[in-house]
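Descriptive structure summary
Spelled out, the chains give:
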Amino acid sequence: MRRKLAAGNWKMNGTRASLGEARAIADAHPDLALDLLLCPPATLLSAAHDLLADTSVLLGAQDCHCENSGAHTGDLSAPMLADVGARAVIVGHSERRENHEETSELVRAKARAAHDAGLMAVICLGESLAQREAANTLDIIAGQLSTSVPDTATGENTVIAYEPIWAIGTGLTASTAQIGEVHDFIRARLERRFGSGVGLSIRLLYGGSVKPANAAEIFAVPNVDGALVGGASLTQADFSPIVQALEASS
Ligand code: 13P
C-alpha cells in the first residue's frame, strides 16, 4: 500500500564532480517500482535537476528556513528550493538539532513551510545513546513526533525517518528488534493522531549506518518503508545494492 522510498542524504559532501555518481545511480535504476530520492548539498540542486530531468530520481534538499523570504543571511527557503527543482526537504536531522540547536517546534515550522511550498517533508527523529541507555527512547520519540509533525501532514507530503543518533555514521546499526519497536510505536501514534487513513499512509524510513550488507534484514522489518542513507548513498556502487534490496523486500 505504501510505496517504498530509498533516500540518500549526501550531507556536506559533493561538488559538481560528484554529479556523475548521481547520474550513475539514476542510470542503474531506470524502471523502479519505488521512489528514489537524492538530497545533495543545495549548491548542486540546480545542476542535478538539469542532469536528472530525464530520470525518475526525485531531488531533495537537506534543510529549509521556516519563512518564505526575508533577512536571514545564509538561509534558504522552501519556495527557493522548489524553484531549483527540489521535490522534498529533510527537516529536523539530528545534526541540525544538535549543531544548530533546532527544537521540535522549529522543525514543525520548517515542515509546515515545506508543505506550503509543495515539498515533501522528511522529518527526522531519534534518540541519543544516553537516552536509549536510560530506557527513554519511546518517550523521546513520542515527544519529537508529536511536536515536529504539523497538522498538515499527509501520506503524500510527509515521511518520517527514525535515525537513532548513536547509529549515524558510526557503523553501529540498531537491531531489527529495536527498529521494529520504534517503527511500530511511530505507526501507532500516527494512526491515533491522524486516523488510519493518513496514519497508515505516511512512510517510515530507518536511517543509521544502512549499508549493502545490512539493508535486506532492515527492510524485512514491518513498518520499515525504506531508508535514509548517509555515507552509503554517495556512490552508485554502495547505493545501488541498497536500492535493490528495498525493491526485493516484500
Ligand atoms: P549514515 O548512513 O552515514 O550513518 O547516515 C545516516 C543519516 O544520518 C542519514 O540522514
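Residues numbered from 1 in each chain as written. Predicted model: local features only at pLDDT ≥ 70, side-chain atom pairs only at ≥ 80, totals over all residues. Heavy atoms only, no water.

Another point: the nonpolar core. Judged by nonpolar contacts, the single largest core of 64 residues is most densely connected at Ile123, Ile160, Ile186 and Phe219. Setting aside residues no more than four positions away along its own chain, Phe219 makes contact with Val224, Gly226, Ala227, Ile242, Ala245, Leu246 and Ser249. Among the nonpolar cores identified, the runner-up in size contains 14 residues, and Leu5, Ala88, Met120 and Ala161 belong to it. (Core = buried A, V, L, I, M, F, W, Y, C linked by side-chain atoms within 4.5 Å. Buried < 20%, exposed > 50% of the residue type's maximum accessible area, 1.4 Å probe, protein only. Contact = heavy atoms within 4.5 Å.)

Moving on to the state of the cysteines. According to the stated counting rule, one finds zero disulfides in the structure shown. In this structure Cys64 is a free cysteine whose sulfur lies 8.1 Å from that of Cys66, the closest cysteine sulfur available. Residue Cys64 is classed as buried on the basis of its relative accessible area, which comes to 1%. (Disulfide = S-S within 2.5 Å.)

Quick look at helix 8 (residues 176-201) now. With 26 residues, helix 8 extends just 22 Å between its outermost C-alpha atoms, more than 12% less than the 38 Å of an ideal straight helix rising 1.5 Å per residue. Taken as a whole, helix 8 carries its principal kink of about 140° at Gly195. Along helix 8, the residues that are buried comprise Ile179, Gly180, Val182, His183, Phe185, Ile186, Arg187, Leu190, Phe194 and Gly199. (Helix = DSSP H or I, 4+ residues; strand = E, 2+ residues; numbered from the N terminus. Expected span 1.5 Å × (residues − 1). Bend = angle between axes of the 7 residues up to and from the residue.)

Most peptide bonds are trans, and most residues other than glycine sit at a negative phi. Phi is positive for Ser209, which is not a glycine, with a value near 55°. Take Ser209: it is sitting in the loop between strand 7 (203-207) and helix 9 (215-219). Phi at Asn223 is positive, roughly 70°, even though this residue is not glycine. When you line up the elements, Asn223 lands in the loop between helix 9 and strand 8 (226-229).

Our next topic: the site of the ligand. Around the ligand, the neighbouring residues are Asn9, Lys11, His93, Glu163, Ala167, Ile168, Gly169, Gly208, Ser209, Leu228, Gly230 and Gly231. Interatomic distance of 2.9 Å between a side-chain N/O atom of Glu163 and an oxygen atom of the ligand. Summarising the interface, the protein chains cover 96% of the accessible area of the ligand, which totals 310 Å² for the free molecule. Cavity membership is defined here by more than half of the atoms lying within 2 Å of grid points; on that basis the ligand lies in the second largest pocket. (Near = heavy atom within 4 Å. Polar contact = N/O pair within 3.5 Å; in protein donor to acceptor, adjacent residues only side chain to side chain. Areas by Shrake-Rupley, 256 points an atom, 1.4 Å probe, with all protein chains shown as cover. 1 Å grid on protein atoms, 1.4 Å probe; cavity = no way out; pocket = protein on both sides within 12 Å on 5 of 7 lines; lining within 4 Å. Sits in = over half its atoms within 2 Å of the grid points.)

Right, let's talk about the pairing of strand 5 (residues 120-125) for a bit. By the criterion of burial, strand 5 is predominantly enclosed, with six of the six residues buried. Going residue by residue along strand 5, you find Met120, Val122 and Cys124 tucked away on one face and Ala121, Ile123 and Leu125 tucked away on the opposite face as well. Pairing of strand 5 with strand 6 (residues 158-162) involves five bridges; the strand directions are parallel. In the strand pairing of strand 6, Cys124 is matched with Ala161. (Pairing = 2+ DSSP bridges.)

Running from N to C, helix 7 (residues 137-148) and helix 8 cross one another at 40°; their axes reach a closest spacing of 11 Å. What the angle tells us is that helix 7 and helix 8 run oblique. The handedness of the crossing between helix 7 and helix 8 comes out as right-handed. Counting all contacts with helix 7, which are made through Thr137, Leu138, Ile141, Ala142, Leu145 and Ser146, the residues of helix 8 involved are Glu181, Val182, Phe185, Ile186, Arg189, Leu190 and Arg193. Residues that form the contact of helix 7 with helix 8 fall into these classes: eight nonpolar, two polar and three charged. (Axes fitted to C-alpha atoms, helices over the stretch in contact; angles between N-to-C directions. Parallel < 35°, antiparallel > 145°, perpendicular 65-115°, else oblique. Left-handed = near helix turned anticlockwise from the far one by under 90°. Nonpolar A, V, L, I, M, F, W, Y, C, P; charged D, E, K, R; others polar.)

Along the polypeptide, Glu102 turns up in the loop between helix 4 (94-99) and helix 5 (104-116). Given a relative accessible area of 6%, Glu102 falls into the buried group. For Glu102, the side chain forms a polar contact with the side chain of Arg96, separated by 3.1 Å. Beyond its immediate stretch of four places on either side in the chain, Glu102 contacts Asp63, Gly92, Arg96, Arg97, Val107 and Lys110.

With that out of the way, let us pick up the sheet that holds strand 6. Around the barrel, eight strands lie side by side as 1-2-3-4-5-6-7-8; this closed barrel has parallel pairing. Neighbour-to-neighbour, the strand axes of this sheet turn through a mean angle of 25°, independent of strand direction. Note that strand 7 and strand 8 share three bridges and pair parallel. Bridged to Tyr206 within strand 8 is Ala227. Each of strand 5, strand 6 and strand 7 is contacted by helix 8, which is oriented at about 160° to strand 7, the strand it contacts most.

The next point concerns helix 1 (residues 19-28). Of all the residues in helix 1, the buried ones are Leu19, Ala22, Ile25 and Ala26. Projection of helix 1 onto a plane perpendicular to its axis shows the buried side chains occupying an angular sector of 115°, all on one side. Considering only its buried residues, helix 1 is in contact with strand 2 (35-39), helix 2 (45-51) and helix 10 (236-248). (Arc of directions from axis to C-beta.)

The analysis is restricted to geometry; functional conclusions fall outside its scope.
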